[in-house]
Amino acid sequence: MRLNLWITHEQVNQLKYLPFNTITMAILFSAQITAMEDEKKEIEKIEVKGTYIEGYGINEVGGASRLDLSIIEIPQSVSVITNAQMNDFQLTDINSALDSATGVHVERIETDRTYYTARGFDITNFQIDGVGLPLTSGNNHADEDTAIYDRVEVIRGANGLMTGVGNPSATINFIRKRPTKNRKVGISTTIGSWNKKRVEFDASTELTESVSARLVLVKQKNDSYLDRYQQDKSIAYAFIGADLTDNTYVSISHSYMNNDASGNNWGANPLYYTDGSATNFASSTNTSANWSNWQVNKNNTVVELAHHFNESWTLRATYSHKTTDEDTELFYVYGTPDKTTGLGLLGYASDMI
């Protein structure tokens, strides 16, 4: 680096009246500025361009945030599990889908009861298309399927500004599938471990110029690594939407889920023997009885009316009615067993409708 300092005769006369330290500092400051300018000129510029894998990129999460903002404009951590991800990784239930979301912990208490946490707090704010979805006792019963959802949005942290809910954990919003502009029909089958068999049907079409519909059907049966545990699941989802005018849209949808689980677990295996040593049960050990079962039927009807006023204003009214019916016969085992005899466990049966 070369440093050039030009000083006039008049400036020299002015400098001789300044202290030596001041002159030194002025020269050093001028040298630093010159060096910084030279470094800027010599910095090599690198431009990086990239694209999402097809189907993985989502720019907006308007459903959960209630604002027409891009993800980068939302001052919170956001994750979106797209339909392409769910198909590619076989995320056929919400537990496995949320397992893939950053910062969300899925707590499988038993085979058919699950809690969700984020940032150390229970997640209690669940939504479907931005409308609140209450969970029984704060947990999800049975195996909720993802076949009827287009994507799952997760906003971590309190989302109280737009939803009125200040829970510091997260907001999870399930976006349902809607009719597509082009007619499409899809059928997929899955055969997996533990005798898993699954068939999924997904069709969308225009009924008239202003009316369109979508239908999703799922049938799944599977065993498990746990002794006696089996699952039989049926899903049906229908969505019909119509353009009343160029700016007004009305829709009605209904989803039905039947999950029939047998040999399901209630409670957990003991952790310690009476002598304080840790138990070492086989991974297939299941304390359920042969007659244990947990049947869950869920029905959800949604009616929606939306009117678009202009580019800035849209009014949407939504009515949602959800019912859950459960029929269970369970056997609960607890206590501390003797390491030699295995005795010491207690149990009681439960029959609830």
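Residues numbered from 1 in each chain as written. Predicted model: local features only at pLDDT ≥ 70, side-chain atom pairs only at ≥ 80, totals over all residues. Heavy atoms only, no water.

Draft legend 1. Examining empty space enclosed by the protein more closely. The full count for this structure, using the stated rule, is two cavities of 30 Å³ or more. Estimates place the volume of the largest cavity at around 200 Å³. Forming the boundary of the largest cavity are 20 residues, of which Glu144, Ile148, Tyr149, Ser255 and Asn300 lie nearest the centre. At the level of secondary structure, the elements contributing two or more residues to the lining of the largest cavity comprise β13 (230-243), β14 (248-262) and β15 (293-308). Ranked by residue count, the leading element in the lining of the largest cavity is β14, at five residues. Across the lining of the largest cavity, the residue classes tally to ten nonpolar, five polar and five charged. (1 Å grid on protein atoms, 1.4 Å probe; cavity = no way out; pocket = protein on both sides within 12 Å on 5 of 7 lines; lining within 4 Å. Points joined across faces, edges and corners; volume = space filled by probe spheres on them. Helix = DSSP H or I, 4+ residues; strand = E, 2+ residues; numbered from the N terminus. Nonpolar A, V, L, I, M, F, W, Y, C, P; charged D, E, K, R; others polar.)

Draft legend 2. Quick peek at the side chain of Thr279. Relative to the helices and strands, Thr279 is located in the loop between β14 and β15. What makes Thr279 buried here is its relative accessible area of 17%. Ignoring anything within four residues of it in the chain, the contact list for Thr279 reads Pro270, Leu271, Tyr272 and Tyr273. (Buried < 20%, exposed > 50% of the residue type's maximum accessible area, 1.4 Å probe, protein only. Contact = heavy atoms within 4.5 Å.)

Draft legend 3. Expanded view of a nonpolar patch on the surface. A contiguous nonpolar patch, built from Leu207, Ile240, Ile252, Val303 and Tyr319 and spanning about 460 Å² of accessible area, is present on the exposed surface. Locating Ile252 in the fold gives a position in strand β14. Since its relative accessible area comes to 46%, Ile252 is described here as partly exposed. (Patch = residues over 30% accessible without salt bridge, like charges linked within 9 Å, V, L, I, M, F, W, Y side chains within 5 Å. Areas by Shrake-Rupley, 256 points an atom, 1.4 Å probe, with all protein chains shown as cover. Salt bridge = Lys/Arg side-chain N within 4 Å of Asp/Glu carboxyl O.)

Draft legend 4. Focus on the pairing of strand β1 (residues 77-82). Taken across its six residues, β1 has five buried, putting it largely inside the fold. Relative to strand β8 (residues 149-156), β1 is paired through six bridges, and the arrangement is antiparallel. The residue bridging Ile81 from the neighbouring strand is Val152, located in β8. (Pairing = 2+ DSSP bridges.)

Draft legend 5. Structural view of the sheet that holds strand β9 (residues 170-176). Taken together, five strands build an open sheet; the order of strands is β1-β8-β9-β5-β6 and the sheet is mixed. The open sheet has two edge strands, β1 and β6 (131-132), and neither has a second partner. Relative to β6, strand β5 (residues 125-128) runs antiparallel, the two being bridged by two bridges. Counted as the bridge partner of Ile128 is Val131 from β6.

Draft legend 6. Molecular detail of the pattern of salt bridges. Considering all chains together, one arrives at 17 salt bridges under this definition. For Glu153, the salt bridge identified is with Arg151, shortest N-O distance 3.2 Å. Considered together, Glu153 and Arg151 belong to a single accessibility category, that of buried residues. One salt bridge in this structure joins Lys177 and Asp202, with 3.0 Å as the shortest N-O distance. Residue Lys177 is located in the loop between β9 and β10 (184-192), and its partner Asp202 is located in strand β11 (residues 196-206); the two are separated by 25 residues in the primary sequence. Residue classification places Asp202 among the buried positions, given a relative accessible area of 10%. The network of salt bridges with common partners includes Asp129, Arg176, Arg178, Glu304 and Arg316.

Draft legend 7. Broad picture of the sheet that holds β15. Here we have eight strands laid out as an open sheet, ordered β10-β11-β12-β13-β14-β15-β16-β17, and antiparallel in their pairing. Single-partner strands in this sheet number two, and they are β10 and β17 (345-352). Each adjacent strand pair in this sheet contributes to an overall mean axis angle of 10°, direction not counted. Both strand β12 (residues 211-222) and β13 contribute to a ladder of twelve bridges, which runs antiparallel. Each residue of the ladder has a partner; that of Val218, found in β13, is Ile235. (Axes fitted to C-alpha atoms, helices over the stretch in contact; angles between N-to-C directions.)

Draft legend 8. Local environment of the packing of aromatic side chains. Inspection of every chain in the model, using the stated rule, returns nine aromatic pairs. Centroid distance Trp266 to Tyr332: 5.2 Å. Interplanar angle 70°. Geometry classified as edge-to-face. Residue Trp266 is found in the loop between β14 and β15, and its partner Tyr332 is found in strand β16 (residues 314-335); the two are separated by 66 residues along the sequence. The partly exposed category is assigned to Tyr332, whose relative accessible area is 26%. Following the ring pairs from residue to residue traces out a cluster consisting of Tyr116, Phe126, Tyr149 and Phe174. (Phe/Tyr/Trp six-rings, centres within 6.5 Å; stacked < 30°, edge-to-face > 60°.)

Draft legend 9. Structural view of the environment of Ala158. Assignment of secondary structure puts Ala158 in the loop between β8 and α6 (160-163). By relative accessible area, which is 38% here, Ala158 ends up partly exposed. In sequence terms Ala158 and Ala170 are twelve residues apart; their C-alpha atoms lie 6.3 Å from each other.

Draft legend 10. Quick look at the confidence of the model for the protein. Summing up the model confidence of the protein, the mean pLDDT is 85 and the portion of residues at 70 or higher is 83%. Contacts from residues 1-7, a stretch scored under 50 in pLDDT, to residues over four places away or in other chains number nine contacts. (pLDDT = per-residue confidence, 0-100.)

Draft legend 11. Just unusual backbone geometry, in detail. Of note, Gln90 is a non-glycine position whose phi angle comes to about 55°, a positive value. When you line up the elements, Gln90 lands in the loop between α4 (83-88) and α5 (94-99). With a phi angle near 75°, Arg228 is a residue other than glycine that sits in the positive phi range. Turning to its location among the elements, Arg228 is positioned in the loop between β12 and β13.

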